[in-house]
Amino acid sequence: MQDFVNKLKIRLLKARKERDSATMSVLQVALGDIENAATKQKKPLEDKDCHSILRKIIQGNQETLECEKKMQNEGGETTTSDDVGKLLKEIEILESFLP
């Protein structure tokens, strides 16, 4: 886990230096979820557990996008294209850390 978490932290630091708010935001959430899971288990997580957490975040974003498409097709109120773009960027960022 430590190598994987370090990789996330290094990318987070780079995002901070570049003032990349989308990357900072999604990596902070991912690291927080990983640290919470490790605390609950009272032991460091394995890489596969960390990957599972990232996949769960990705799945949540994909479900949000699906709901957005459904609402758009039904003529309901939709979110802005900026929000959709942000979700797509978050998915891309997180997928870059998966094997």
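Preceding block: the structure.
About the thresholds
Residues numbered from 1 in each chain as written. Predicted model: local features only at pLDDT ≥ 70, side-chain atom pairs only at ≥ 80, totals over all residues. Heavy atoms only, no water. Helix = DSSP H or I, 4+ residues; strand = E, 2+ residues; numbered from the N terminus. Expected span 1.5 Å × (residues − 1). Buried < 20%, exposed > 50% of the residue type's maximum accessible area, 1.4 Å probe, protein only. Contact = heavy atoms within 4.5 Å. Arc of directions from axis to C-beta.

Undergrad: Residues and numbers for helix H3 (residues 47-73), please.
TA: Each α-helix turn comprises 3.6 residues. Residues three or four places apart therefore point the same way. For H3, spanning 27 residues, the distance from its first C-alpha to its last is 39 Å, which sits close to the expected 39 Å at 1.5 Å a residue. Among the residues making up H3, those that are buried are Cys-50, His-51, Ile-53, Leu-54, Ile-57, Ile-58, Asn-61, Leu-65 and Glu-68. The secondary structure elements touched by the buried residues of H3 are helix H1 (2-18), helix H2 (21-41) and helix H4 (81-95). One or two steps after H3, the chain reaches Gly-75, where phi turns positive at roughly 75°.

Undergrad: Tell me what's going on with H1, and back it up with residues and numbers.
TA: Taking 1.5 Å per residue as the helical rise, H1 with its 17 residues ought to reach 24 Å, and the 24 Å between its terminal C-alpha atoms agrees with that figure. Burial in H1 covers these residues: Phe-4, Val-5, Leu-8, Leu-12 and Ala-15. All buried residues of H1 fall inside an arc of 95° around its axis, so they share one side. Structural note: H1 exposes Asp-3, Ile-10 and Lys-17 on the side pointing more than 90 degrees away from its buried face. Following H1 by one or two positions, Arg-19 has its phi on the positive side, about 60°.

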